[in-house]
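Here's the letter readout for the chains.
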Amino acid sequence: MADDTLSTTGIAQHGGARLPSVDIDSFNIELKDDEGFIGDRASKGAFRKIFDRWRKPLRKSGEDPFGDEPSDEISKKKLDEMLVGDDTEASAVVHSAIEEFAQELAYVTRRFLKTKAWAGTERIVVGGGFRESRLGELAIARTEIILTSEDIEIDMVPIRFHPDDAGLIGTLHLAPSWIFEAHDSILAVDIGGTNIRCGVVETRWKKAPDLSKAEVWKSELWRHADDEPTREGAVKRLVKMLKDLIGAAEAEGLKLAPFIGISCPGVINADGSIAKGAQNLPGNWESSKFNLPASLVEAIPEIGGHDTAIVMHNDGVAQGLAEVPFMQDVAHWGVLTIGTGLGNARFTNRKKDNGKDEKKVKDGDESEKSEKKAKKTKEKAKENAKA
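This write-up is about the structure you can find in this document. (Residues numbered from 1 in each chain as written. Predicted model: local features only at pLDDT ≥ 70, side-chain atom pairs only at ≥ 80, totals over all residues. Heavy atoms only, no water.)

**Thoughts on the environment of A139**
Now for step 1: Positionally, A139 belongs in helix α5 (residues 134-149).
Now for step 2: Take A139: its relative accessible area is 1%, and that puts it in the buried class.
Now for step 3: Along the chain, A139 and Q103 lie 36 residues apart, while their C-alpha atoms are 8.9 Å from each other.
Now for step 4: Setting aside residues up to four positions removed in sequence, A139 forms contacts with I98, F101, A102 and F130. (Helix = DSSP H or I, 4+ residues; strand = E, 2+ residues; numbered from the N terminus. Buried < 20%, exposed > 50% of the residue type's maximum accessible area, 1.4 Å probe, protein only. Contact = heavy atoms within 4.5 Å.)

Structure representation (structure tokens):
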């Protein structure tokens, strides 16, 4: 199956470390401490546990401003409203939870920065569903302040695109640039432990060749966790979503590329299989007999009369890739995605080296080598002439 997969998708390697704009130094690192995986200390669930712990003293006194509603069922919108509302006690509880979570996120960030792969990181983009709230933004800002107070110079910034869109837009950077010259959109898939989202992403390449103005034209969401489908059922539903989007794009007159970019949890092998990390997906996605890209190529062999090409990468990587256009003022940067777990990836920009294009630098080095070689040749010729 591996050979068939590569022959049908051969634009780029699945889960590759070298992409058109960046080198991926690491992704999906699973660091541990005495309490287990450190990512669990800065997940969406971790914040809810912290928040619930701050509510307990008020519950005992019968003065919990949030009433009987379970902590994990209180919406982010309601928590944001409590932050600025008239109920000072409720506001204090949320602020206390934010502070404790920021301490945890700072601890996790320090651990990542100490690894070899993350050494020299200048900026960290924070994505995931948690970022999509005022409390998330405050936690990110507070984390940066904590690290700065410890003389750790690192920028912590919220991801620019809406978290729901970032994973789709990021897959644009899995495609070679020549695709954008003849097409104005691609199909993108963002697979998560709770939802599967598919979309048509407009490149807007003519307005911004760096893809900074890309946007999701249309998307569909399926909350598969509610339906608990089999793996085959999930793939069948995904294929239907993609075919519906292809039809909508064609009806709109979009020039859809024969390319599907996929964002998926876990460690992605070069042949499109998943080595580990897909335990929250419906069914066994880590089976050696299952290959999502191959399944999709079989179901959708052509788009617009051309053979379908597919590239799949880790979901944390894909979210980070959406930020590539905005990270050109630094050389090394990373992404942390706060959701069901803590996704992570670290990048090095390929096309810039001290402000110069990589190819130009390489050409300059070659020119310098040629000049030195020519100089040595002349000196040798002079010595021979004297002799």
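There is more to say, and it comes next.
**Regarding helix α3 (residues 76-84)**
Now for step 1: Those residues of α3 not exposed but buried are L79, D80, M82 and L83. Projected down its long axis, α3 shows its buried positions confined to an angular sector of 160°, all on one face. Among the exposed residues of α3, those oriented more than 90 degrees off its buried face are K77 and V84.
Now for step 2: Buried residues along α3 sit in contact with α2 (44-60), α4 (88-113) and α5. (Arc of directions from axis to C-beta.)

**Notes on the pattern of salt bridges**
Now for step 1: Within the structure shown, the criterion is met by 23 salt bridges.
Now for step 2: Ionic pairing is found between R346 and D25, a salt bridge with its closest N-O pair at 2.9 Å. You can see R346 sitting in strand β16 (residues 342-349) and its partner D25 sitting in strand β1 (residues 22-27), a full 321 residues away along the chain.
Now for step 3: Bridged by salt links that share partners, the residues D52, R55, R59 and D64 form one connected network. (Salt bridge = Lys/Arg side-chain N within 4 Å of Asp/Glu carboxyl O.)

**With respect to α5**
In an α-helix, one turn spans 3.6 residues, which is why side chains three or four residues apart end up on the same side.
Now for step 1: Between its first and last C-alpha, α5 extends 23 Å over 16 residues, near the 22 Å set by a 1.5 Å rise per residue.
Now for step 2: By the burial criterion, the buried members of α5 are L135, G136, A139, I140, T143, I146 and L147. The buried residues of α5 occupy an angular sector of 140° when projected down its axis, which confines them to one face.
Now for step 3: Those residues of α5 hidden inside the fold are in contact with α2, α3, α4, β4 (123-127) and β5 (155-158).
Now for step 4: Backbone geometry just after α5 places D151 at a positive phi near 65°. (Expected span 1.5 Å × (residues − 1).)

**Overview of the pairing of strand β15 (residues 332-338)**
Now for step 1: The element β15 is extensively covered by neighbouring structure, given that 6 of its 7 residues are classed as buried.
Now for step 2: Here β4 runs beside β15; their pairing, made up of 5 bridges, is parallel. Bridging across to β15, V126 finds its partner in L336.
Now for step 3: Pairing analysis gives 7 bridges linking β15 to β16, with the strands arranged antiparallel. Across the sheet, V335 pairs through a bridge with A345, a residue of β16.
Now for step 4: The hairpin turn running from β15 into β16, its antiparallel successor, is 3 residues long. (Pairing = 2+ DSSP bridges.)

**Side note on the side chain of S91**
Now for step 1: As for its position among the elements, S91 is in helix α4.
Now for step 2: Ignoring anything within four residues of it in the chain, the contact list for S91 reads M82 and L83.

**Section: the sheet that holds strand β6 (residues 185-191)**
Now for step 1: Across the sheet, which stays open at both edges, the 5 strands sit in the order β8-β7-β6-β9-β14 with mixed pairing between neighbours. Looking along the sheet, the strands with just one partner apiece sit at the ends: β8 (215-222) and β14 (309-314). Within this sheet the neighbouring strands show an average axis-to-axis angle of 20°, counted without direction.
Now for step 2: Here 7 bridges tie β6 to strand β7 (residues 196-202), and the two strands are oriented antiparallel to one another. What sits directly across from L187, in β7, is V200.
Now for step 3: In the packing of helix α9 (residues 231-252) onto the sheet, the strands contacted are β6, β7, β8 and β9 (256-264), and the crossing angle to β8 comes to about 150°.
Now for step 4: The sheet contacts of helix α10 (residues 292-299) involve β6, β9 and β14, and relative to β14 the element is tilted by about 155°. (Axes fitted to C-alpha atoms, helices over the stretch in contact; angles between N-to-C directions.)

**Considerations on the environment of Q319**
Now for step 1: Of note, Q319 is situated in helix α11 (residues 315-321).
Now for step 2: Note: C-alpha distance between Q319 and L336 (17 residues apart in sequence) is 9.1 Å.
Now for step 3: Discounting residues that sit within four places of it in the chain, Q319 has contacts with G127, G128, I159, P163, A166, G167 and T337.

**Remarks on a negative patch on the surface**
Now for step 1: A grouping of E63, D86, D87 and E89 is seen on the molecular surface, where their side chains present a negatively charged patch.
Now for step 2: Summarising the element assignment, D87 is placed in the loop between α3 and α4.
Now for step 3: You can call D87 partly exposed: its relative accessible area is 33%. (Patch = residues over 30% accessible without salt bridge, like charges linked within 9 Å, V, L, I, M, F, W, Y side chains within 5 Å. Areas by Shrake-Rupley, 256 points an atom, 1.4 Å probe, with all protein chains shown as cover. Lys, Arg positive; Asp, Glu negative; His and termini not counted. Charge placed at Lys NZ, Arg CZ, Asp CG, Glu CD.)

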